[in-house]
Amino acid sequence: MKKVLTLLVVVLATTLVLSAQEAKPQSRKEARRARIARFQQSPDKPTVKLYGFVRNYMSLDTRACKAGTEDLFTHVPMDENWNEDHSVDLNKVTTTRFLALTSRLGVDAAYEIKGFKFAAKIEADFYNKNGSTAIFRLRQAYVTLNKGIFSMKVGQAWHPMAADMVDVFSLNTGAPFAPFSRTPVLLFDFKATENLVATVGAIYQMQYLSQGPNGSSQDYIKHGGFELYAGLSYVGKNFTARVGADVLSIVPRWQGKVGGVTTNVKDRLTTVNPYIFAKYAKDAFSIQAKAVYHQGGEHISLLGGYALLSTDNASKYTYTPTHGITANISTYYKFADGWKAVLLLGYHKNFGLMKEIDFVNLTTFYYNSNGAKNLNSAFRVTPEIVYTIGKFDVGVEYECTGATYGNWATGLKSKGLATEQLRTVANHRVQLMVKFSF
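The shown structure was predicted, so the numbers you read here are calculated from the model rather than taken from an experiment.

## Quick look at the overall build of the protein chain
- A count of helices and strands for the protein chain gives two helices and 25 strands.
- Burial analysis of the protein chain (438 residues in total) assigns 42% to the buried set.
- Pairs at least 24 residues apart make up 65% of the contacts formed inside the protein chain by residues separated by at least 6 positions.
- When the accessible surface of the protein chain is summed, it comes to about 22500 Å², and 62% of that surface belongs to carbon and sulfur atoms.

This is how it looks when you write it as structure tokens:
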């Protein structure tokens, strides 16, 4: 009997061990599935995607230019600058650079709960101003909310007039022949129909700032200024169109002397910048165009500014902005496996100040640091070829940017437009780009 009981105990123990060994892998698998299901269903666990790229530029320029980010972000070539005996234009110089600046890293996150779709983006890259050590800077940081016909975006993001970028791989992406700015925004979208969306919102200034008596500064909007945007977009299968306007009101002075006493003053300059955009894209072909009529426009990297009009009222100086038209058209065609040809054409025409000022007040003519007071017009032609294999891109680009400068006609009054002794200078850039995206 004792032997029988011992045998039964051994058999029972063996059975339990074998059963546990057989069940253990299944239990782990089921537990893992349960954990994944809980993660996916939890609103506190959004889906997260890491992205970015490493990008290198090698470029050669034939003329000194108004430019930033180690001269990779070109604006316009500089005016003639002759030496003492007028034998050499000192701005006609050849320069080269080889830089990995603006390599980028970003994170996208999103989740949905009770019909609300939330998303967020935080993005940074390596950036520097000319001649300084590269730093890791914030490019974008915003959240979005979407429910039904309503959506909202809040945070640092692309300015709504700059969101439709041209196709070139240049760091300037077409600026200053296209609006360019990333800045704090609060935007609301309302979907009127399946294809029609209305957008309204408020904008602040961050990296791209207005000009004024203290140079480029955030202070002019901080002390009682504002910026508003309204637009309408049509988004179809192959065709996109937008119309909109940006209204900027700044305070060039918020304190000044009145009767010899420092006090608060009431200066203000308000400008309106309407634009139109259209794009057609199908299969391997795309073409798009944008035109902006801008008053000033330096806050979105356009070639404009403003001047002091009158100081007759010490408590409220008056100002008048420049106005002009800036337009671009860009197209690409994927003509073979991995190959893409791109072309950008850009043009800017300065109309001068909207009101006449005393000629001597040209010395207080506040202007975009990316341009020049005596700039009459400018143009750009950029053809390029890009080859893509998987996540790797290599491209070669030729960029010709021309600028027409002039002298001011002397007199008692002026609209600040240089029309005498017009001369056109051009910078020829050859650029190679290598990029790996992940």
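Let's pick the thread back up.
## Points about the pattern of salt bridges
- This model, assessed by the stated rule, comprises 14 salt bridges.
- Ionic pairing is found between R242 and D164, a salt bridge with its closest N-O pair at 2.7 Å. Separated by 78 residues along the polypeptide, R242 in strand β12 (residues 239-250) and D164 in the loop between β8 (150-158) and β9 (182-191) bring together distant segments of the chain.
- Accessibility expressed as a relative area gives 21% for R242, which makes it partly exposed.
- Here R380 ties to E399 by a salt bridge, and the two come within 4.0 Å at their closest N and O atoms. One end of the pair, R380, is in strand β22 (residues 375-389); the other, E399, is in strand β23 (residues 392-407), and 19 residues separate them in sequence.
- Accessibility expressed as a relative area gives 1% for E399, which makes it buried.
- Members of the salt-bridge network, linked through shared partners, are E123, D125, R137 and R139.

## With respect to the confidence of the model for the protein chain
- Predicted confidence across the protein chain gives a mean pLDDT of 90, with 89% of residues reaching 70 or more.
- This stretch, residues 1-25, has a pLDDT under 50; its non-local contacts, to residues over four places away or in other chains, come to zero contacts.

## Some points on the side chain of R423
- If you trace the backbone, R423 turns up in strand β25 (residues 420-437).
- In this view, R423 contacts D79, E80, N374, A403, T404, Y405, G406 and N407; residues no more than four positions away in its chain are not counted.

## Quick word on the environment of G260
- Note on placement: G260 falls in the loop between β13 (255-258) and β14 (261-264).
- Through-space distance from the C-alpha of G260 to that of A314 is 10.0 Å; in sequence the pair is 54 residues apart.

Rules behind the numbers
Residues numbered from 1 in each chain as written. Predicted model: local features only at pLDDT ≥ 70, side-chain atom pairs only at ≥ 80, totals over all residues. Heavy atoms only, no water. Helix = DSSP H or I, 4+ residues; strand = E, 2+ residues; numbered from the N terminus. Buried < 20%, exposed > 50% of the residue type's maximum accessible area, 1.4 Å probe, protein only. Contact = heavy atoms within 4.5 Å. Areas by Shrake-Rupley, 256 points an atom, 1.4 Å probe, with all protein chains shown as cover. Salt bridge = Lys/Arg side-chain N within 4 Å of Asp/Glu carboxyl O. pLDDT = per-residue confidence, 0-100.

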